[in-house]
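As a plain string of letters, each chain reads:
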Number of protein chains: 2
Amino acid sequence: MIDQPHPSAYITGMAAHHHHEHAGASLAQAAEAALVDAGEQWTDMRSDIFAVLATFEKPASAYDIADLVSQRRGKRVAPNSVYRILDLFVTTNLARRVESANAYIANSHPGCLHDCIFLICDSCGTATHIDDDALTMSVRAAAEHAGFAQVRPVIEVRGKCADCD
Amino acid sequence: MIDQPHPSAYITGMAAHHHHEHAGASLAQAAEAALVDAGEQWTDMRSDIFAVLATFEKPASAYDIADLVSQRRGKRVAPNSVYRILDLFVTTNLARRVESANAYIANSHPGCLHDCIFLICDSCGTATHIDDDALTMSVRAAAEHAGFAQVRPVIEVRGKCADCD
DNA sequence: TTAGCGATGTAATGTTGTAACGTTCATCGA
DNA sequence: TCGATGAACGTTACAACATTACATCGCTAA
Ligand SMILES: [Zn+2]
Ligand SMILES: [Zn+2]
Ligand SMILES: [Zn+2]
Ligand SMILES: [Zn+2]
């Protein structure tokens, strides 16, 4: 298990797309469904880590998560274990890594395969995300035109959010 | 000194744009000119760090650079010092930070203000770059439409380059 | 039963980034 | 000449992020 989705899935799956955003219990449920669907187990540890991750408004570092999960379980959970599960989440599309922040964010639409554009505020740290398939497909196309294959776009925009501006 | 260029500079400076790529001595010369133009000094240390940075085909970590510059000077240069100067380079557009690699790359067209799309090969690590102003301006526009200001796009594509594919 | 396997625990270590403060050197006005 | 100022760089220490290797536990197929 834990295979990367085939690139073509992006092409075909993109045309008619809802981009339905989950939140709260609905999100956890969708995440569990997506993980099980990928042939992976929804364990207590994974459930806790996802729950903690989903409470964050800002991208959370693995260490942030480790601290909170440790509290929640009343027993130290090492960053190591958190990284393992975050990697799984990223691979199965339950979470995204925000490269410009060395941190992770829950995917508000697990099971929905597409490239997201993340907006991260330099002041307050909050992250929101835009779905613009035309734009992200153009980026993919440009990279592929340059001879790249198996592309994975990283599109993030740093700046000041409306509240902090 | 060391001011961020005003966002509007991107708009106005973009229409008629050459995207001339420098290399080797020409690049170092262009970098020096750009730095001096920004009101900063072109010191021996900065010259050495830029020279080392420019030899890399792949994004170079500050520590990589520190090692090579230490060799070149026959005296230990702490990563700290390298970071200081890399930050200056990034601010003045002599270098770019590749967020998805925690590393830096010399800007092949210093003095030329625009967003670059970096392509980084997951296998060999080499980085190339595409200039597609229509695309990058669309990303800026999307972020601004979402209420973001002073935006700084981070557009990178991970994948397999033509050689490694 | 027990061999295998997936998930998690533990410990150690490696890599990347920052903070605080000291030294050197050029410039400049008194 | 002298002391003040400020930029560049040095030194040390530490914080934050990430990986590696190996151990343990519990489940289940042979
Ligand atoms: Zn969607
Ligand atoms: Zn904000
Ligand atoms: Zn250009
Ligand atoms: Zn390659």
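Here the residue numbers are simple positions, counted from 1 along each chain's written sequence. A letter from A marks each chain and a number from 1 marks each ligand, given out in the order of writing. With pLDDT at 70 or above as the cut-off, local features in this predicted model cover only qualifying residues; side-chain atom pairs require 80 or more to be listed or tallied, and sums for whole chains, interfaces and linings still use all residues. Heavy atoms throughout the structure, all of them, feed into the side-chain values; hydrogens and water do not.

Draft legend 1. Inspection of the protein's contact with DNA strand C at higher detail. Distances are taken per atom, and a residue is near a molecule or strand as soon as one of its heavy atoms is within 4 Å of it. The environment of DNA strand C is formed by 17 residues, the closest being Thr43(A), Asn80(A), Asn80(B), Tyr83(B) and Arg97(B). By atom count, sugar and phosphate contribute 46% of the portion of DNA strand C lying within 4 Å of the protein. Polar contact criterion, stated in full: a pair of N or O atoms within 3.5 Å, where within protein one must be able to donate a hydrogen and the other to accept it, and residues adjacent in sequence count only if both atoms are side-chain atoms. A distance of 2.5 Å is found between a phosphate oxygen of DNA strand C and a side-chain nitrogen or oxygen belonging to Thr43(A). Interatomic distance of 3.3 Å between a side-chain N/O atom of Ser81(A) and a phosphate oxygen of DNA strand C. Sort the elements by how many residues they give to the surface near DNA strand C and helix α5 (residues 79–91) of chain A lands first, with four residues. Ten residues, namely Ala, Val, Leu, Ile, Met, Phe, Trp, Tyr, Cys and Pro, are considered nonpolar, four, namely Asp, Glu, Lys and Arg, are considered charged, and the remaining ones, Gly among them, are considered polar. Classifying every residue of the surface near DNA strand C gives five nonpolar, seven polar and five charged. Secondary structure counts use DSSP, requiring at least four H or I residues in a row for a helix and at least two E residues in a row for a strand, with both numbered from the N terminus.

Draft legend 2. Summary view of helix α2 (residues 24–37) of chain A. Residues and elements named next belong to chain A. Working rule for helices: expected span equals 1.5 Å times residues minus one. Under the 1.5 Å per step criterion, the end-to-end length of α2 is 20 Å for 14 residues, consistent within 8% with the ideal 20 Å. Here the term buried applies to any residue with accessible area under 20% of the maximum for its type, exposed to any over 50%, and partly exposed to those in between, with areas from a 1.4 Å probe on protein chains only. Along α2, the residues classified as buried are Leu27, Ala30, Ala31, Ala34 and Leu35. Buried residues of α2, viewed axially, fall in a sector of 130°; they line one side. The exposed set on the far side of α2, more than 90 degrees from its buried face, consists of Ala25, Gln29 and Asp37. Working rule for contacts: check all heavy atoms of both residues, and any pair within 4.5 Å makes them a contact. Elements in contact with the buried residues of α2: α3 (44–55) and α5. Directly beyond the C-terminal end of α2, a positive phi value near 85° is found at Gly39. Here the arc refers to the directions that run from the helix axis out to each C-beta atom.

Draft legend 3. Representation of the packing of aromatic side chains in the model. Residues and elements named next belong to chain A. A pair of aromatic rings is counted whenever rings of Phe, Tyr or Trp (Trp by its six-membered ring) have centres within 6.5 Å, and the orientation is called stacked for planes under 30 degrees apart, edge-to-face for over 60 and tilted otherwise. Applying the stated criterion across every chain, the model contains six aromatic pairs over all chains. Where Tyr63 meets Tyr83, the ring centres are 6.5 Å apart and the plane angle is 75°; that geometry is what we call edge-to-face. Pair noted here: Tyr63 is in helix α4 (residues 62–73) and Tyr83 is in helix α5, with a separation of 20 residues, a long-range link. Judged by its relative accessible area of 34%, Tyr83 falls in the partly exposed class.

Draft legend 4. Geometry of unusual backbone geometry. Positive phi, normally seen in glycine, also occurs at Asn102(A), with a value near 45°. Here the phi dihedral of Asn93(B) falls at roughly 75°; this positive angle occurs in a residue that is not glycine. With respect to the helices and strands, the residue Asn93(B) is situated in the loop between α5 (79–91) and β1 (95–98). By relative accessible area, which is 9% here, Asn93(B) ends up buried.

Draft legend 5. Just the coordination of the zinc ion (ligand 2), in detail. All names here are of chain A. The zinc ion (ligand 2) binds to the protein through Cys121 (SG), Cys124 (SG), Cys161 (SG) and Cys164 (SG), with metal-donor distances spanning 2.2 to 2.3 Å. In this description, a donor is an N, O or S atom within 2.8 Å of the metal centre, a cutoff extended to 3.2 Å for sodium, potassium and calcium. Water is not part of the atom list, which can make sites seem incomplete. A four-donor site is called tetrahedral if each angle lies between 85 and 135 degrees; a four-donor site is square planar, and a six-donor site octahedral, when trans pairs exceed 155 degrees and the remaining angles lie between 65 and 115; all other cases are labelled irregular. Around the zinc ion (ligand 2) sit four donor atoms, and with donor-metal-donor angles ranging over 104 to 117° the site reads as tetrahedral. All donors of the zinc ion (ligand 2) come from a single chain, and their spacing in sequence reads C-x2-C-x36-C-x2-C. Separated by 43 residues along the polypeptide, Cys121 in strand β3 (residues 117–121) and Cys164 in the segment after β5 (149–160) bring together distant segments of the chain. Since its relative accessible area comes to 1%, Cys121 is described here as buried. Judged by its relative accessible area of 28%, Cys164 is partly exposed.

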